[in-house]
Structures are given as C-alpha cells and as structure tokens.
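Reading the structure
Residue strings, one per chain:
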Amino acid sequence: MTKAIGRGVVVAALIGACAGCETESASLVHREALADVHEYGVTECPQDLGVVEVELGDDASGPVTLSLAEDIIAIDVLDPELAWPINDDWSITIEPGQVLTFAVQFNCGSTDDVAGRIDLELTPRGGGAALDSVSIPIALDVQGAP
C-alpha cells in the first residue's frame, strides 16, 4: 500500500522556432514535482515515482541535446529504451516530433527521507549556450526504516 502525495507525469515539451530563424529557440514547460511516501516492508521496491516525458515540437528549427543530471543516489532515472538507470550526466539527441519517456524510481538505497532534483538542460546539437533548463524537485517521505 502506497500513500501517494503527488506521483505522476512530468512533461517537458520543447517548443521550437521557425526553420528560417537565425537562432534556435526551445523551452521546457510543465514543471511539476515528483513526491510520494515509501513505507519499508509495505511499499514495493523499487518504487515507481512517475515519469518525465520530453518532446521536441515538430516546428523546431533543429534537434537539441537533452542533458539529464541526477543528484540523488537513491533515485534512478531509467533509460527510455533499456529501462536501465542512466548516469548522473547523460545526454541524447532528440529529433523534432520525438517523445522520450524516462521512468523515475526510488531504488530503496536510503533509509532517510529523500529530497533533491532532476535537472534537464537543452542545448543546440551543434553546441553553444543552453536554450532552456528546468529542475524537477523530488521528495520522498521514507517511513518505518529498519
């Protein structure tokens, strides 16, 4: 039995500029926290906390690279194809119209409450300054730890 505080889907949509524009434009939207309760001996391990969905709009001026940095050891962000935890500093190129879904899980690697964030940064594929960035807060109330 899990007492949910607010688990669900966090959508990060990339809204692109016109193809004829001189500079690329993209942004992340829908910034929502992932939060839940974990009760040792009751809640399943690993525990699904929700997903982060990333999309580059069809009208974007070009692909961007998504860098995802995770700073919480007890939280796993899973590769969308392999369903395996990704590294702390991971990037992938996504094409216009492509949607990637990252599952977020508590791996039961902490007996203390977990708080932190998942950072997303969008940069042009050819390099240069970030187009946008967002931090998605994570809060897990860990109860009944041995």
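A few points on the structure. (Residues numbered from 1 in each chain as written. Predicted model: local features only at pLDDT ≥ 70, side-chain atom pairs only at ≥ 80, totals over all residues. Heavy atoms only, no water.)

With that out of the way, let us pick up the nonpolar core. Core analysis: the largest hydrophobic core is formed by 30 residues, its most contacted members being Val52, Ile75, Phe102, Val104, Phe106, Val114 and Ile138. Looking at this core, the elements that each hand over two or more residues are β3 (47-56), β4 (64-70), β5 (75-77), β6 (89-94), β7 (99-106), β8 (114-124) and β9 (132-143). The leading source of residues in this core is β9, at five residues. Among residues more than four places away in sequence, those in contact with Val114 are Ile72, Ala74, Ile75, Phe106, Ile138, Ala139, Leu140 and Val142. (Core = buried A, V, L, I, M, F, W, Y, C linked by side-chain atoms within 4.5 Å. Buried < 20%, exposed > 50% of the residue type's maximum accessible area, 1.4 Å probe, protein only. Helix = DSSP H or I, 4+ residues; strand = E, 2+ residues; numbered from the N terminus. Contact = heavy atoms within 4.5 Å.)

Another aspect to go through is the sheet that holds β6. Spatially, the five strands line up as an open sheet ordered β2-β9-β8-β4-β6, and their pairing is mixed. The open sheet has two edge strands with one neighbour each: β2 (34-39) and β6. Across the sheet, the axes of successive neighbouring strands diverge by a mean angle of 20°, strand direction being ignored. Pairing of β4 with β6 involves six bridges; the strand directions are antiparallel. Bridging from a neighbouring strand, Leu68 pairs with Trp90 of β6. (Pairing = 2+ DSSP bridges. Axes fitted to C-alpha atoms, helices over the stretch in contact; angles between N-to-C directions.)

With that settled, consider the environment of Thr93. The topology assignment puts Thr93 in strand β6. In this structure Thr93 comes out as partly exposed when scored by relative accessible area, which is 32%. Taking the C-alpha atoms as reference, Thr93 lies 7.0 Å from Arg125; in sequence the two are 32 residues apart. Setting aside anything within four residues of it in sequence, one finds Thr93 in contact with Pro63, Val64, Thr65, Gln98 and Arg125.

This next bit is on the side chain of Asp76. Along the chain, Asp76 turns up in strand β5. We classify Asp76 as buried; its relative accessible area is 16%. Reaching out from Asp76, the side chain makes a polar contact with the side chain of Asn107 at a distance of 3.2 Å. Apart from residues lying up to four places away in sequence, Asp76 is in contact with Glu70, Pro85, Ala103, Val104, Gln105 and Asn107. (Polar contact = N/O pair within 3.5 Å; in protein donor to acceptor, adjacent residues only side chain to side chain.)

Under the counting rule described, the total for this entry stands at one salt bridge. Arg117 is the partner of Asp119 in a salt bridge, and the nearest nitrogen-oxygen pair spans 2.7 Å. Residue classification places Arg117 among the partly exposed residues on the basis of a relative accessible area of 36%. (Salt bridge = Lys/Arg side-chain N within 4 Å of Asp/Glu carboxyl O.)

Let's shift gears to the packing of aromatic side chains. Overall, the coordinates contain one aromatic pair when judged by the stated rule. Here the aromatic rings of Trp90 and Phe102 are separated by 5.6 Å at their centres, their planes lie at 85°, and the arrangement is edge-to-face. Of this pair, Trp90 sits in strand β6 while Phe102 sits in strand β7; the two residues are twelve residues apart in sequence, bridging distant segments of the chain. Note on Trp90: relative accessible area 16%, which makes it buried. (Phe/Tyr/Trp six-rings, centres within 6.5 Å; stacked < 30°, edge-to-face > 60°.)

This part takes up the state of the cysteines. Throughout the structure, instances matching the rule amount to one disulfide. Paired by a disulfide, Cys45 and Cys108 hold their sulfur atoms 1.6 Å apart. In this structure, the disulfide formed by Cys45 and Cys108 twists by about -95° around the S-S bond and is classed as left-handed. Taken together, the residues span a long stretch of sequence, with Cys45 in the loop between β2 and β3 and Cys108 in the loop between β7 and β8 at a distance of 63 residues. According to the relative accessible area criterion, Cys45 is partly exposed, its value standing at 40%. Judged by its relative accessible area of 19%, Cys108 falls in the buried class. (Disulfide = S-S within 2.5 Å.)

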